[in-house]
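Residues per chain, in single letters:
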Amino acid sequence: MNNTVVVGAQWGDEGKAKITDLLAQYADVIIRYQGGCNAGHTVVVNNETYKFHLIPSGVLYDNKFCFIGAGTVIHPETFLKETQELIERGVNLSSLKISPLATITLPYHIDIDGISENSAKQVKIGTTKKGIGPTYSDKIGRYGLKIQDLYDEELLNSRLDAILPLKNKILEKVYNSKTYSKEEMLDYCKKYAEIFRPYVCLDWVEKLSTALKEDKKILFEGAQGIMLDIDYGTYPFVTSSNPIGGGAATGSGVGPTHIDNVIGVTKAYVTRVGEGPFITELTDETGEKIRNIGGEFGTTTGRPRRCGWFDAVLSRYCVLVGGLTQMAITKIDVFNDFDELKVCVAYKDTRDGKIYKDYPTNINMHKYLEPVYETFKGWKTDISGAKSLEELPENARIYLNKLEELVGIPVKIISVGPDREQTIILDNPFKKK
Ligand code: GDP
Ligand code: IMO
Ligand code: MG
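If you're wondering where the values come from, they're calculated on a predicted model, not measured in any experiment. (Residues numbered from 1 in each chain as written. Chains lettered and ligands numbered in written order. Predicted model: local features only at pLDDT ≥ 70, side-chain atom pairs only at ≥ 80, totals over all residues. Heavy atoms only, no water.)

### Points about the site of ligand 2
Not every one of the 21 residues close to ligand 2 is listed here, only the nearest: Asp13, Lys16, His41, Thr128 and Thr239. Contact distances for ligand 2 include 3.3 Å between an oxygen atom and a backbone N or O atom of Gly126. Taking Arg303, its side chain carries an N or O atom lying 2.9 Å from an oxygen atom of ligand 2. Protein chains bury 97% of the 550 Å² of accessible surface belonging to ligand 2 in isolation. Of the residues belonging to the shell around ligand 2, the class tally is 8 nonpolar, 10 polar and 3 charged. Looking at which domains feed residues into the shell around ligand 2, each of domain 1 (103-196) and domain 2 (266-431) supplies at least three. (Near = heavy atom within 4 Å. Polar contact = N/O pair within 3.5 Å; in protein donor to acceptor, adjacent residues only side chain to side chain. Areas by Shrake-Rupley, 256 points an atom, 1.4 Å probe, with all protein chains shown as cover. Nonpolar A, V, L, I, M, F, W, Y, C, P; charged D, E, K, R; others polar. Domains from an automatic or database assignment.)

Now the structure itself:
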């Protein structure tokens, strides 16, 4: 058993999709376990770029069981568009399956997300406006629709009778927004029931049980990142699901005793999209330089990403709450042309000089914290063609060693460019006995 979770260990966009795609060639089953089309996952193979939102990033290989788990939320239009585009590009989707327990993002979830974000009265989170918070709220409040509900007319009718009157009242009275008739929603559900039909995996329990019994290799793909986790992230500036390693168990239906490795994907620096605290953020020309060289603009929304130095305090916290066993460091090539690099090793409270080596989870005090940095020499060499650790310049190896030492877990994968091939795998979790 070498089942492995790929989890974002910052605020998302760490390069999870690249690592998932890379490891998927050695796996039998690939499961997306949480999030929805707020995710923007980029895979580059031989100069061809694929951007996934809902579909697992392992789908480019034939004959892998690619599963969208119960912990996800599915926006029907995005699913349709994404599958159509992939089919047009010749990708074989015959092994793509959706859990009947996944929750559906309905049109009013998108409406509410947009209105809340634009409202002056509510805390601005800077969401992707993909209806994520409202869909998960309804799921937890038991006002959601699951994929399986689409195929039972009686149940669907009674669910809509229970949900719509309340939802319409809220849409009208609270959000001053358009309402939805039952006929309209039934038509919508019927249309997408047919679109989802070939993908719905009714025998998922048998499939996953058999995979485990036969010792198949399972790869779990996280979306977002640990610092966006609803429980452990910088609340309320978070997403509405659990990207942490533990989320792989709850979101996939494969329990925690079947998980062996949790790879924390971590950029060689830090980025964040949307609002919320970011202690190592660089608002100067260095931040601008990282953004431009790193192409740090959102895959889903196109928004410029906020950039800053690597934060070892935050990474150590991610090791704890994410259950990380190892790191995959991505985008180290972005530093090819930097004279020096900084790494945050602790936070200093500007009020009393107190030093924090452990991440303080009360974000209200983050405005008083400033980073304590160690400085490293850059390598001023193009490393994007490096195929082994030995081919990396000494200063790049010193930097990586320091990250390992500060974070306390080993670096097992080093990514030196966006392409599948531009990766140094020091230890492949699926190649162990
Ligand atoms: P994800 O959401 O974690 O899957 O990451 P995104 O796809 O949103 O953003 C990562 C971006 O960095 C994508 O454009 C990738 O193609 C790119 N990328 C991934 N790894 C590397 C790397 O090692 N070097 C460079 N230069 N780009 C990378
Ligand atoms: P991937 O999987 C980066 C951020 C949004 C916002 C907050 C809440 O590509 O790493 P939401 O729409 O989820 O309610 O927004 O979370 N966010 C992401 N940031 N990468 C993502 O996904 C994100 N998904 C959501 O910017 O700050
Ligand atoms: Mg992304």
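### Quick word on the nonpolar core
Ranked by size, the top nonpolar core spans 74 residues in total, and within it Phe220, Leu324, Ile332, Phe335, Tyr347, Leu392 and Tyr399 carry the most contacts. With residues up to four places along the chain from it excluded, the contact list for Tyr399 reads Ala268, Phe310, Ile332, Phe335, Leu341, Lys342, Val343, Phe376 and Trp379. If you look at the next biggest cluster of nonpolar residues, it comprises 56 residues, including Cys37, Tyr61, Leu145 and Leu219. (Core = buried A, V, L, I, M, F, W, Y, C linked by side-chain atoms within 4.5 Å. Buried < 20%, exposed > 50% of the residue type's maximum accessible area, 1.4 Å probe, protein only. Contact = heavy atoms within 4.5 Å.)

### A closer look at the pattern of salt bridges
Counted according to the given criterion, the structure contains 22 salt bridges. Between Arg306 and Glu281 there is a salt bridge, with the nearest N and O atoms lying 2.9 Å from each other. With Arg306 in strand E12 (residues 306-308) and Glu281 in the loop between strand E11 (270-272) and helix H9 (285-294), the pair connects residues that are 25 residues apart, well separated along the chain. Exposure remark for Glu281: the relative accessible area of 28% places this residue in the partly exposed category. (Salt bridge = Lys/Arg side-chain N within 4 Å of Asp/Glu carboxyl O. Helix = DSSP H or I, 4+ residues; strand = E, 2+ residues; numbered from the N terminus.)

### Some details on the coordination of the magnesium ion (ligand 3)
A four-donor tetrahedral metal ideally has 109.5 degree angles, and a six-donor octahedral metal ideally has angles of 90 or 180 degrees. Looking at the magnesium ion (ligand 3), the protein donor atoms are Asp13 (OD) and Gly40 (O), and they sit 2.0 to 2.2 Å from it. With Asp13 in the loop between strand E1 (4-8) and helix H1 (16-24) and Gly40 in the loop between strand E2 (29-32) and strand E3 (41-45), this residue pair connects regions lying 27 residues apart in the sequence. (Donors = N, O, S within 2.8 Å, 3.2 Å for Na, K, Ca; no water.)

### Some words on the pairing of strand E18 (residues 411-415)
The element E18 is largely enclosed, with a buried count of 4 among its 5 residues. One ladder, built from 3 bridges, connects strand E14 (residues 326-330) with E18; its direction is parallel. Directly across from Ile329, in E18, lies its bridge partner Ile414. The pairing of E18 with strand E19 (residues 423-425) spans 3 bridges and is classified as antiparallel. Bridging from a neighbouring strand, Ile413 pairs with Ile425 of E19. (Pairing = 2+ DSSP bridges.)

### Some remarks on the side chain of Ser241
In this fold, Ser241 is placed in the loop between strand E9 (218-221) and helix H8 (245-252). Judged by its relative accessible area of 4%, Ser241 falls in the buried class. In this structure the side chain of Ser241 is engaged in a polar contact, spanning 2.9 Å, whose partner is the side chain of Gln34. If near-sequence neighbours (up to four positions away) are discounted, Ser241 is found in contact with Gln34, Gly35, Tyr136, Gln224, Leu228, Asp229 and Ile230.

### Describing the environment of Lys167
Within the secondary structure layout, Lys167 lies in helix H5 (residues 153-174). Between the alpha carbons of Lys167 and Tyr180 there is a distance of 8.7 Å; along the sequence they are 13 residues apart. Not counting the four nearest positions on each side in its chain, Lys167 is found in contact with Tyr108, Ile112 and Asp138. There is a polar contact of 2.9 Å between the side chain of Lys167 and the side chain of Asp138.

### With respect to the state of the cysteines
Inspection of every chain in the model, using the stated rule, returns 0 disulfides. Looking at Cys189, it has no disulfide partner, and the nearest cysteine sulfur is the one in Cys37, 17 Å off. In this model Cys318 remains outside any disulfide bridge; the closest cysteine sulfur is found in Cys344, 13 Å from its own. The exposure class assigned to Cys318 is buried, which follows from its relative accessible area of 0%. (Disulfide = S-S within 2.5 Å.)

### Some thoughts on the packing of aromatic side chains
Tallied over the entire structure, the rule returns 18 aromatic pairs. Each ring, one from Phe335 and one from Tyr399, has its centre 6.1 Å from the other, and the planes form 90°; the classification is edge-to-face. Linking Phe335 in the loop between E14 and strand E15 (340-349) with Tyr399 in helix H11 (residues 394-407), this pair joins segments that are 64 residues apart in sequence. Residue Phe335 is classed as buried on the basis of its relative accessible area of 0%. Among the aromatic side chains, those forming a connected cluster through ring pairs are Tyr269, Trp309, Phe335, Phe338, Phe376, Trp379 and Tyr399. One residue, Lys289, lies across the ring of Phe338, its end atom 4.2 Å from the ring centre. A cation sits over an aromatic face here: Arg351 above Tyr368, 3.9 Å from the ring centre. (Phe/Tyr/Trp six-rings, centres within 6.5 Å; stacked < 30°, edge-to-face > 60°. Lys NZ or Arg CZ within 6 Å of the ring centre and 35° of its normal.)

### Here we look at the site of ligand 1
Neighbouring ligand 1 are 19 residues, the closest being Gly15, Lys16, Thr42, Asp333 and Ser415. Backbone polar atom of Gly40 to an oxygen atom of ligand 1: 2.8 Å apart, as the coordinates give it. In the complex, the protein chains occlude 91% of the 580 Å² of accessible area that ligand 1 would expose alone. Taken together, the elements giving at least two residues each to the shell around ligand 1 come down to H1 and E3. Residue composition of the shell around ligand 1, grouped by class: 4 nonpolar, 8 polar and 7 charged.

### Some details on the pairing of strand E4 (residues 48-52)
Here E3 pairs with E4 via 5 bridges, running antiparallel. Residue pairing for E4: His41 is matched across the bridge by Phe52. In this antiparallel pair of consecutive strands, E3 and E4, the connection spans 2 residues, and Asn46 shows a positive phi of 45°.

### Details of the domain arrangement of the chain
Think of interface size as the accessible area that goes away when the parts come together; that is how it is often given. Looking at the assigned domains, one finds that the chain contains domain 1 (103-196) and domain 2 (266-431). Between domain 1 and domain 2, the C-alpha centre-to-centre distance is 38 Å. Each partner contributes to the roughly 380 Å² buried at the junction of domain 1 and domain 2, and carbon and sulfur atoms together form 56% of this total. For the domain 1 face of the interface with domain 2, the top three residues by lost area are Lys124, Gly126 and Thr128, together amounting to 64%. Linking domain 1 with domain 2 are 0 salt bridges. Counting across the domain 1 and domain 2 interface gives 2 residue pairs in polar contact (both at pLDDT 80 or more). (Buried area = accessible area lost by both parts, 1.4 Å probe.)

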